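One-letter residues, chain by chain:
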Amino acid sequence: MEIMWLHAVLGVISLCVLTPSFGYAVPLTKSFSAAQDTSFEDQPKCGYESCPKPIPGMLNVHLVPHTHNDVGWLKTVDQYYYGSKNYIQKAGVQYILDSVIRELLHDPQKKFIYVETAFFWKWWSKVDDTLRHQVKKLVNNGQLEFIGGAWSMNDEAVTHYQSIIDQFTWGLRKLNDSFGKCSHPRIGWQIDPFGHSRGMASIFAELGFDGLLFGRLDYQDKFNRMTKKTPEMIWEGSPNLGKTADIFTTVLYNTYSPPPGFCFDILCDDDPIIDNKKSPDYNLPKVVKEFIKYAKRQALNYTTNNIIMTMGEDFNYQDATTWYTNLDKLIR
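Residues numbered from 1 in each chain as written. Predicted model: local features only at pLDDT ≥ 70, side-chain atom pairs only at ≥ 80, totals over all residues. Heavy atoms only, no water.

Looking at an unreviewed UniProt entry, one finds the protein named Glycoside hydrolase family 38 N-terminal domain-containing protein and attributed to Diploptera punctata.

Set out below in structure tokens:
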């Protein structure tokens, strides 16, 4: 099987194909041409409408730039947002959003997913009207897509369902009031909770989501699923709700981290891609070989020719240029 990269793989998850008969594919939002820059507000091209078609007979590798921002953990919410107390953890969410938005505005082919409405709202409430208008365009053309959309990425097994519904209602309402239909999340993105619940799956299904992706599960369960090629499933939710509580679910291959050696964030120690043949540190052939090897190995655990690679980690993209520069080189 050949390996190919969609030119628009720097993209957003939009679960464009989700039918049991087809299996699982995660086509990403297609690149946006500057020539199409007419009226984003009147002609939104977000969601499924902006999805490219996977190419049959090839391994479609989807690189998904993302950041995971805990709404309180080792630091308080404000300490995380403003980037204070960095001796505890080097994390400043305001810089992530500033940096990512700047990159998206600079290049219409760049894309990004964002999850935690609590942090986004703190940032949104401080920006001026000009930038707000620009960000709305990014949402309407599919460059910036909200995933999950709740106030935070809640725990599941010990959290009361009413609290979950309340905080999803608050987060989704803020997004809808600010951006309209193009901000409506289509999948649950539960990459970091330590444990999952059937009730949570039911809530996602009842919210109208098309799928659920998560990263953490018991290592024995994960080994069994990967070995038997069953990391994708239809999760049967509440028996009282019938099929309306069922939701397509997949286990991410590498929790939610990038492949080993391919973390290009300022918080990472991996080498950048050096594509200058005159440099004594030229490493492009080695990097490409390793990437293809990893992609093929990951694909062995899934039943379709579409695999997702999560290119990001905790509080990544405080300097988004480091990520996008190297991802561009990898795609080329």
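Once you've had a look at it, read on.
A. Highlighting helix 5 (residues 161-179). For helix 5, which comprises 19 residues, the first-to-last C-alpha distance of 27 Å matches the rise-based estimate of 27 Å (1.5 Å per residue) to within 8%. Turning to helix 5, its buried residues are I164, Q167, F168, G171, K174, L175, S178 and F179. Projected down its long axis, helix 5 shows its buried positions confined to an angular sector of 130°, all on one face. Away from its buried face by more than 90 degrees, helix 5 exposes Y161 and D177. Considering only its buried residues, helix 5 is in contact with helix 3 (117-124), helix 4 (129-140), strand 4 (144-146) and helix 6 (198-206). The first or second residue beyond helix 5 is G180, which carries a positive phi of 80°. (Helix = DSSP H or I, 4+ residues; strand = E, 2+ residues; numbered from the N terminus. Expected span 1.5 Å × (residues − 1). Buried < 20%, exposed > 50% of the residue type's maximum accessible area, 1.4 Å probe, protein only. Arc of directions from axis to C-beta. Contact = heavy atoms within 4.5 Å.)

B. Layout of helix 9 (residues 320-331). Across its 12 residues, helix 9 extends 16 Å between first and last C-alpha, which sits within 8% of the 16 Å expected from 1.5 Å per residue. Every buried residue of helix 9 is accounted for by A320, W323, Y324, N326, L327, L330 and I331. Buried residues belonging to helix 9 abut strand 2 (58-65), helix 2 (93-106), strand 3 (112-114), helix 8 (284-299) and strand 9 (306-311).

C. Spatial organisation of the sheet that holds strand 5 (residues 187-190). Strand order in this open sheet of four strands is 5-6-8-7, and the pairing throughout is mixed. Since the sheet does not close on itself, it has two edges, and those belong to strand 5 and strand 7 (232-235), each with one partner. Between one strand axis and the next, the sheet turns through 25° on average, direction left out of account. Where strand 6 (residues 211-214) lies against strand 8 (residues 247-251), four bridges are found, and the strand directions are parallel. (Pairing = 2+ DSSP bridges. Axes fitted to C-alpha atoms, helices over the stretch in contact; angles between N-to-C directions.)

D. Region of the structure containing the pattern of salt bridges. Following the criterion strictly, the structure yields seven salt bridges and no others. A salt bridge links K122 to D78; its shortest N-O distance comes to 2.9 Å. Taken together, the positions of K122 in helix 3 and D78 in helix 1 (residues 77-82) put the pair 44 residues apart, joining distant regions of the chain. Its relative accessible area of 24% is what places K122 among the partly exposed residues. Judged by its relative accessible area of 40%, D78 is partly exposed. Taken together, the salt bridges that share partners define one network made up of D107, K110 and D328. (Salt bridge = Lys/Arg side-chain N within 4 Å of Asp/Glu carboxyl O.)

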